[in-house]
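These are the residues of each chain, in order.
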Amino acid sequence: MTRRLAEVAKKVGVSEATVSRVLNGKPGVSDATRAAVLTALDVLGYERPTQLRGERARLVGLVLPELGNPIFPALAEVVGGALAQRGFTPVLCTRTAGGLSEADYVEMLLEQQVSGVVFAGGHYMEADAPHEHYLRLLDIGLPVVLVNAASDNLDFPRVSTDDAVAVEQAFSHLVSLGHERLGIVLGPDDHIPSRRKLAAINAAAEKAGLAEVAVEHAMFSLEGGQAVTNRLIRLGVTGIICASDPLALGAIRAVRRMGMSVPEDVSVVGFDDSNFMNCTNPPLTTVRQPIEAIGRAAVTLLVNQIDGTPVTAEELLYEPELVVRGSTGPAKIGVGVGVAV
């Protein structure tokens, strides 16, 4: 108790006696100071005294890495709508270059006494990223749901697209078109969903009796996809699977700038089926994530936690769907400027 008083007092900048008065419901403390002490209790992970608990604000944080990739606004729309139907207000938090970090947003959301947080595309998907803010949320027991694969040390409920099935669908499609020299463009080395996709395509290639697939890692952007696709083309790859639609659009740009065509020379498959992928030139063949189902499942898991209903920390995997459009076609015999992979 003495340690708790000292930590809260230091956090707020008041005396331990003032903290004690707040915790014991004594008069003589301003409303602002009382609120600051209670917020500090939440932030430091201490449970409020029974008579001071009250009800948390019906706010839910939705933390996204960006809005430039259309898949994240689409998810935000689903999650926001589902939360509103349950009587909660979403608080959108988007990381920007030079802006607030994910840990900063967590601090802000705790100060707002949110009822819970939904994370999508966050640092939990990166094995080498800092995870202290997630561990803190685990310690204080705040309801949290993660969208997509996470580091093993983060025991939160998770809702994900099945990466292995997604890769198998794309791989089988390209092989059925006669492609034997395949490449895959993934996210950074420590990106856990990319690691799953890599394991899946290596297993699929071995089962099909194909040579090892050429692998490139890039930042999740059009420019990243373009840069690494240049190397794949020089290796003679005729079919490329990408871990996001922006990466796939970058791959298409790289093919064209090397004087080749999609799909006549190189076939490209994306991942997400975000908005307008049917309007690109050529329309993008891609693996569709079931965003509607995933977003609604994430909200259900979160609200169940808020209501005190036990939920499993096991990952829920949702089946993706291959959407075939114009960016894939039969393999062209003799294409490529390098050795087969």
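Residues numbered from 1 in each chain as written. Predicted model: local features only at pLDDT ≥ 70, side-chain atom pairs only at ≥ 80, totals over all residues. Heavy atoms only, no water.

### Points about the overall build of the protein
Where we set the bar: The helix and strand labels rest on DSSP assignments: H or I over at least four residues marks a helix, E over at least two residues marks a strand, and numbering proceeds from the N terminus. Type-normalised accessible area, obtained with a 1.4 Å probe on protein chains alone, sets the label of each residue: buried when under 20%, exposed when over 50%, and partly exposed for intermediate values. What makes two residues a contact is simply this: any of their non-hydrogen atoms within 4.5 Å. Only four residue types enter the charge count, namely Lys and Arg as positive and Asp and Glu as negative; His and the chain termini do not. Here the site of a charge means atom NZ of a Lys, CZ of an Arg, CG of an Asp or CD of a Glu.
When you go through the protein residue by residue, the secondary structure sums to 11 helices and 12 strands. Taken over the C-alpha atoms alone, the protein extends approximately 85 × 35 × 35 Å along its principal axes. Looking at the protein residue by residue over its 341 residues, the buried ones come to 51%. For the protein, the share of sequence-separated contacts (at least 6 apart) that also reach a separation of at least 24 residues comes to 73%. Averaging the coordinates of the 29 positive side-chain charges in the protein and doing the same for the 39 negative ones gives two points 5 Å apart.

### Describing the nonpolar core
Generally speaking, soluble globular proteins have nonpolar side chains that are buried together. Quick note on the threshold: We define a nonpolar core as any set of buried Ala, Val, Leu, Ile, Met, Phe, Trp, Tyr and Cys residues linked to one another through side-chain atoms lying within 4.5 Å.
In this structure, V117, F119, Y124, L137 and V147 are the most contacted members of the largest nonpolar core, which totals 45 residues. Among the secondary structure elements, those contributing two or more residues to this core are β1 (59-64), α4 (71-85), α5 (102-111), β3 (116-120), α6 (132-140), β4 (144-147) and α11 (291-306). Apart from residues lying up to four places away in sequence, V147 is in contact with L75, V118, F119, A120, G121, Y124, M125, V159, I294 and A298. In this structure, V167, L186, V213 and I252 belong to the second largest nonpolar core, which totals 38 residues.

### Here's the deal with the sheet that holds strand β7 (residues 214-217)
Our working definition: Two strands are said to pair when DSSP picks up at least two bridges between them. For helices, the fitted axis covers only the stretch in contact; all axes are lines through C-alpha atoms, and the angles between them, taken along N-to-C directions, range from 0 to 180 degrees.
Strand order in this open sheet of 6 strands is β7-β6-β8-β9-β10-β12, and the pairing throughout is mixed. Of all the strands in the sheet, the pair left with one neighbour each is β7 and β12 (321-323). Direction aside, neighbouring strands of the sheet carry axes that sit 20 degrees apart on average. Summarising the sheet, strand β6 (residues 182-186) and β7 pair through 4 bridges and their orientation is parallel. Across the sheet, residue L186 finds its bridge partner in β7, namely H217. In the packing of helix α10 (residues 245-257) onto the sheet, contacts are made with β6, β8 (239-242), β9 (267-272) and β10 (285-288), and the angle to β9 comes to roughly 160 degrees.

### Digging into α4
Rules: Multiplying 1.5 Å by the residue count of a helix minus one yields the expected span of that helix.
With 15 residues, α4 should reach 21 Å at 1.5 Å per residue; the first-to-last C-alpha distance of 22 Å fits that figure. Within α4 the residues assigned to the buried category are I71, F72, L75, A76, V78, V79, G80, A82 and L83. Those residues of α4 that are buried are in contact with β1, β2 (89-94), β3, β4, β9 and α11. Positioned one or two residues after α4, G87 has a phi angle of 85 degrees, which is positive.

### Details of the pairing of β7
Rules: For crossovers, right-handed means that the path from the first strand over the helix to the second runs clockwise, given strands pointing away from the viewer.
Here β7 shows a buried face lined by A214 and E216 and an unburied face lined by V215 and H217. This β-α-β element, β6 to helix α8 (residues 192-208) to β7, shows right-handed connectivity.

### Observations concerning the pattern of salt bridges
Short version of the rule: Throughout this description, the term salt bridge denotes a Lys or Arg side-chain nitrogen within 4 Å of a carboxyl oxygen of Asp or Glu.
Going through the model one piece at a time under the given rule, you end up with 12 salt bridges. Across the salt bridge formed by K197 and D163, the nearest N and O atoms sit 2.5 Å from each other. You can see K197 sitting in helix α8 and its partner D163 sitting in helix α7 (residues 163-176), a full 34 residues away along the chain. The shortest N-O distance in the salt bridge between E292 and R296 comes to 2.8 Å. Here R296 and E292 lie together in helix α11, a separation of 4 residues that amounts to about one turn. Overall, E292 belongs to the partly exposed group, its relative accessible area being 43%. With relative accessibility at 34%, the residue R296 sits in the partly exposed group. Members of the salt-bridge network, linked through shared partners, are D273, R288, E321 and R325.

### So, the sheet that holds β3
The sheet built from 6 strands is open, its strands ordered β2-β1-β3-β4-β5-β11 with parallel pairing. The open sheet has two edge strands, β2 and β11 (315-318), and neither has a second partner. Strand-to-strand twist across the sheet, computed as the mean angle between neighbouring axes with direction ignored, equals 20 degrees. Of the strand pairs in this sheet, strand β5 (residues 158-161) and β11 are connected by 4 bridges, and their pairing is parallel. Considered in β11, the bridge of R158 is made with E315. Taken strand by strand, α11 contacts β1, β3, β4, β5 and β11, and its axis lies near 165 degrees from that of β4.

### A closer look at the environment of R196
Along the chain, R196 turns up in helix α8. Every residue in contact with R196, bar those within four places of it in the chain, is listed here: A149, D163, E315 and L317.

### Quick notes on unusual backbone geometry
Along the chain, V262 connects to P263 via a cis peptide bond; the corresponding omega equals 10 degrees. Mapping P263 onto the fold places it in the loop between α10 and β9. P282 follows N281 through a cis peptide bond whose omega is -5 degrees. Within the secondary structure, P282 sits in the loop between β9 and β10. Residue F276 is not a glycine yet carries a positive backbone phi of 75 degrees. Structurally, the position occupied by F276 is in the loop between β9 and β10.

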